[in-house]
Amino acid sequence: MAARNWIFAVAVAVAVFLSLSTFSSAQDLQIVNAERRIDLSSHIVKAFLTLKVENIGKDPAADMLLAFPPTQIKNLAMVQALAVMGKKKKKTYLPLDVKPTEQPDAPNDAGYFLVSFATPLGPGETVTLEVLYILTHSLEPFPVEITQSESQLVYYHDSAVVLSPYHVKQQTTFFKTPSTRVESFTSVEPANRAGKEIKYGPYEDRAPYSYAPVIVHFENNSPFAVVEELVREIEISHWGSLQITENYRLTHGGARHKGVFSRVEYQSRRSITGSSSFNALLAVLPPRVNSVYYRDDIGNISTSHLRTGFKKSELEFEPRYPLFGGWRATFVIGYRVPLEDYLFEAPDGRRYLNFTFGCPLVETIVNKLTLKVGLVVLPEGSKDPSAVLPFTVNQDLQVKYSYLDIVGRTVVVLQKDNVVPTHNVPFQVYYTFKPIYMLAEPLMLVSAFFFVFVTSLAYVHIDLNIVKK
Amino acid sequence: MAANGSPKPEPMAAKKASPDLLNSSFSFKSLKLKTKQQELLLRVSILGLVYVLAFIARLFSVLRYESMIHEFDPYFNYRTTLFLTEKGFYEFWNWFDSESWYPLGRIIGGTLYPGLMVTAALIYWTLRFLRFFVHIREVCVLTAPFFASNTTLVAYFFGKEIWDTGAGLVAAALIAICPGYISRSVAGSYDNEAVAIFALLLTFYLFVKAVKTGSLSWALGSAFGYFYMVSAWGGYVFIINLVPLYVLVLLITGRYSMRLYVAYNCMYILGMLLAMQIRFVGFQHVQSGEHMAAMGVFLLMQVFYFLDWVKHQLNDTKLFQTFLRITVTSAILVGGIALGVGTASGYISPWTGRFYSLLDPTYAKDHIPIIASVSEHQPTAWSSFMFDYHILLFLFPAGLYFCFKRLSDATIFIVMYGLTSLYFAGVMVRLILVATPAVCLISAIAVSATVKNLTSLLRTKQKVPQTGSAKGVGSSKSSSKVTLDQSQPFHKNGAIALLVGVFYLLSRYAIHCTWVTSEAYSSPSIVLAARGAHGNRIIFDDYREAYYWLRQNTPTDAKVMSWWDYGYQITAMGNRTVIVDNNTWNNTHIATVGRAMSSYEDEAYDIMRSLDVNYVLVVFGGVTGYSSDDINKFLWMVRIGGGVYPVIKEPDYLVNGEFRVDKGASPKMLNCLMYKLCYYRFGELVTEYGKPTGYDRARGVEIGNKDIKLEHLEEAYTTSNWIVRIYRVKPPTNRL
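Residues numbered from 1 in each chain as written. Chains lettered and ligands numbered in written order. Predicted model: local features only at pLDDT ≥ 70, side-chain atom pairs only at ≥ 80, totals over all residues. Heavy atoms only, no water.

Participant: Account for the packing of aromatic side chains, with residues named and values stated.
Facilitator: Counted by the stated rule, this structure contains 78 aromatic pairs over all chains. The interplanar angle of 15° and the centroid separation of 5.2 Å between the aromatic rings of Trp549 of chain B and Tyr717 of chain B together place this pair among those described as stacked. Taken as a pair, Trp549 of chain B in helix 26 (residues 542-553) and Tyr717 of chain B in strand 12 (residues 713-718) lie far apart in primary sequence, 168 residues in all. Of the residues examined, Trp549 of chain B reaches a relative accessible area of 1% and is grouped as buried. Taking the ring centre of Tyr548 of chain B as reference, the NZ or CZ of Arg320 of chain A above it sits at 5.8 Å. The lysine or arginine in question, Arg58 of chain B, covers the ring of Tyr181 of chain B, its NZ or CZ lying 5.0 Å from the ring centre. (Phe/Tyr/Trp six-rings, centres within 6.5 Å; stacked < 30°, edge-to-face > 60°. Helix = DSSP H or I, 4+ residues; strand = E, 2+ residues; numbered from the N terminus. Buried < 20%, exposed > 50% of the residue type's maximum accessible area, 1.4 Å probe, protein only. Lys NZ or Arg CZ within 6 Å of the ring centre and 35° of its normal.)

Here it is as structure tokens:
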């Protein structure tokens, strides 16, 4: 892998210089100063990029491009941009619209995001942008397999300079590692390391699409908790509660465990063995949560603690066994929250559910998240349910059968890959609802009992004997 | 039907109704009808309450733990039920399971009693049809309590049939909470016995009813009851032997009648044909020694009928006597020859070991260690009789007395059922279950008859003072006259005292049953619970931890070797292939595993390689003090292994006939595979404060071999309390 990335990076660099002249349209902007801080302390790589952008063209620019190498684009979970307004003490941040875009003549499959400025940038004007992007699955364990007593070392591949379609006048990049143990890092002068920080730069006047591949090899024992698949089912009951069921398929995404698992080592020398493993997880649940359960295919798991609070509840739980590299665990967490906290009536008379998207587990990557919002109303009562989210997801409608259902319940299915904790933002599902349908099931039960009693009454009074007694 | 109850007033109802009688004795006629209605209402509501009680008393396990399947065999039943509901009946019937008994596999459809699974699946499908989307696990967990409730209804009707409605009600109440039955029917105890006791009692009830009425329809019902029993449990052999025995007794005591002839013939022939539809039973009804008694009695019935007919035709008694002698001799001769030829030619299989061990309690110990090794196959201790029956143990003889006092076809049956099943209960602990309904019924007769006698005594007494009260003191003469006759005041007080005593005993029984159910019989045995130092509850969930680890973190085709006790659980919860499991059909295979466990590591390695074993699982209680672990079971492994492979000798593992694991243990013991796997790196651990390292808390000794090196195996996983330890079998090293 490492070698391949190297070759690729060189190729990118070569290609960039060859195709320089073709990108004249993007040359209206230039980046005066770029500062990048990449946080490598957990397995979710967070990069904070501060760009000072200047319009050197003649026309006002409405938007600018952010470029990412193809190795990163597929692991990119989220890109956010803020425009910094005002001077030092009166700084305000204005969120900007960021959306993925295609460039017809992108060199070497580089991916792009288009950032639209709040107001078009006039000629000669500058603006400061704060860009946050989050990468998942970007720390590559090396060695690939470790024993219980070894700690986990990982590679991180990036470029010492910011990949950008614009000319960058000055730039610096910082890598923050979780511990002081750094095995090696590629040196692109000037580059130096101090404590937990590796600094690349400052570099002056880099041409568009400059690329300087670097590899950082360092120790990272943070829990590599990866949820391979998460299915969250939210069931709205208009009788007063919201039932949430979350099906997890969790795995340890770090270096694979090799050889022996020794319990005696694990319990007596906890500080030095199994340092990359984890056995406790924390889920942040809504406040006023009740009827919480934590179980798996074969029954209840007794190792969990719930702390309820006014702002949030915390469920601290342990899988049945500690997770070492490559080990898996599947489990279900379910809970109930009062309906009035999450269901509201829109001005147009429709109801809407306002709930949090994403995974409640802290510091976890979710490879594939499926959110099912089941509406406990009959379909004729809930025409065209629609979901509103701040980012794009796949949407689908299903029908589910539950207790005493004859026509089934409408289920809105939302699907998203590569979800990180920053995706835990509210979303809304709108639907129409007639309260009369709440009575359907009780009435059904009542009529069923009525029928039973009537038949038994009739049976007692009917004489089926052929011969009169 | 409850509507056409007995004409006699029922004791409990009568007691309730008595105030009415006292207050308003003027309109007797209109009240009589009302009493009957009241009685019916009371009876139905008591039955309803008993029905509910039987169900909820069994829910302690769900409250204490969770809604889960218990023990060992239920896990297999659960797994097969799951398969049945997912794949349908024909797939289930033809299921060849390659996940157990590797490399032999097991034909599931042909080697199990499908009654339980089909019942649960039917309940499941019905509920789904009614739009109750329950999980199949919940259905399985609650099947046993549900059938226990149904059993109380059958007990009521049975009691009504052999004695009266009062006895029926008492029987229903007694059986609803009897610990002997609860032990096998708590929620989660998803085993064959759960439905089989219902089927057993139903068959008996219908048969008794058929004998009593001589009606074909009841006999037909009893044949179907028998079919259900055959489909549910191997214990049907008890029915097919008890019923002929009963018929034989009736014949000998001169109670032969046309009713008996109709009932038995219909039940036997139809029941046999129906039972043959169960693949696991097949042609055993005509080919196996255990079923021959029924056939013999069937033939005897025909001879009896024939003789009856001849007797009717011949008026000459002398001629008939000679004819009788000739016929009986020739019939016995023909029967004997047929049996002899059948047995000699191998057409009729001899009795199985299990059957022998029932008749002779010492047989299994000497010949079949695999049966003797199971704790529930041990002879019953007196304490467990007391524990499971409580006051029924004293009421049983009293009930027998009442039965003999009012002998009828029905009471003869219940007496025979009670006596034979009690004998079997003495032979094997688990057969207490079979005896429980009989004990409850006979005790119910005792209770009902006693209470009825006492209350009737009281009531006649109450009437005398009432009629005499108007006369006041003047009646003293008449009362003294009565005293002379029957010593009435003493009688009255005595009756009240006895009644109070009876109710005290019954309430003690109820308290005892509740206590036993909540404390002793509601543990799922998968999850262990203990009290901590501060009185808090500590849960050891190591079994599921290990099984789930296997399920998630081993290759899907991995083969796990363990002692057979854990086989069903590993396949059901761990979803991995096992070498042997609780269906102990192949003794040699189990002996091979026993041999591997009791050999040195390199010998065991060869055996494990030949069986493609990837993981070895052992259960070890040394850290927690859990005593039913593999070290304590180890001698059985040696015995079973040694039974097939004479290389394994029990004395090698003993020192002066004593089983030890400390320094004084035999060298073979200290180095055999089981010892090594259980105690690997245990010597480094301090288990108890103030004790040396490697102190085994289950056996209370310091282990003898603390420096264990493993060559061909490596520790793959050990659970948090060390109860389950899993080892990986290393691939062979390259030859140089």
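Participant: Talk me through a nonpolar patch on the surface; I want residue IDs and the actual numbers.
Facilitator: Taken together, Trp239, Ile436, Leu439 and Leu443 of chain A make up a surface patch of nonpolar side chains, about 470 Å² in accessible area. Note that Leu439 of chain A resides in the loop between strand 31 (426-431) and helix 4 (440-461). (Patch = residues over 30% accessible without salt bridge, like charges linked within 9 Å, V, L, I, M, F, W, Y side chains within 5 Å. Areas by Shrake-Rupley, 256 points an atom, 1.4 Å probe, with all protein chains shown as cover. Salt bridge = Lys/Arg side-chain N within 4 Å of Asp/Glu carboxyl O.)

Participant: With reference to specific residues and values, describe the layout of surface pockets.
Facilitator: Empty space among the atoms can be located by rolling a probe the size of a water molecule over them. Of the volumes computed, that of the second largest pocket is approximately 1,500 Å³. Every element with two or more residues in the lining of the second largest pocket is listed here: strand 16 (225-237), strand 17 (241-252) and strand 20 (290-296) of chain A together with helix 4 (73-87), helix 6 (115-129), helix 7 (136-162) and helix 27 (567-574) of chain B. Per-element accounting of the lining of the second largest pocket gives the leading share, 8 residues, to helix 4 of chain B. The class makeup of the residues in the lining of the second largest pocket is 18 nonpolar, 10 polar and 15 charged. (1 Å grid on protein atoms, 1.4 Å probe; cavity = no way out; pocket = protein on both sides within 12 Å on 5 of 7 lines; lining within 4 Å. Points joined across faces, edges and corners; volume = space filled by probe spheres on them. Nonpolar A, V, L, I, M, F, W, Y, C, P; charged D, E, K, R; others polar.)

Participant: So what's going on with the pairing of strand 5 (residues 92-101) of chain A? Residues and values would help.
Facilitator: All names here are of chain A. Two strands pair when backbone bridges link them, and strand 4 (residues 76-85) and strand 5 are joined in this way by 5 bridges, in the antiparallel orientation. If you follow Ala83 over to strand 5, its bridge partner there is Leu94. Counted between consecutive antiparallel strands, the loop separating strand 4 from strand 5 contains 6 residues, among which Gly86 sits at a positive phi close to 80°. Examined bridge by bridge, strand 5 and strand 6 (residues 111-121) share 5 bridges and lie antiparallel to one another. (Pairing = 2+ DSSP bridges.)

Participant: Outline the interface of chain B and chain A, supporting the account with residue identities and numerical values.
Facilitator: Facing the 29 residues of chain B at the interface are 30 residues of chain A. For the pair chain B and chain A, the summed buried surface comes to about 2,700 Å²; carbon and sulfur atoms form 52% of the total. Among the residues of chain B in contact with chain A, Arg131, Phe133 and Tyr548 of chain B are the three that bury the most area, contributing 23% of the side total. Along the contact surface separating chain B from chain A lie 4 salt bridges. Top contributing element to the side of chain B that touches chain A by residue count: helix 26 of chain B, with 7 residues. A per-class count over the side of chain B that touches chain A returns 12 nonpolar, 5 polar and 12 charged. (Contact = heavy atoms within 4.5 Å. Buried area = accessible area lost by both parts, 1.4 Å probe.)

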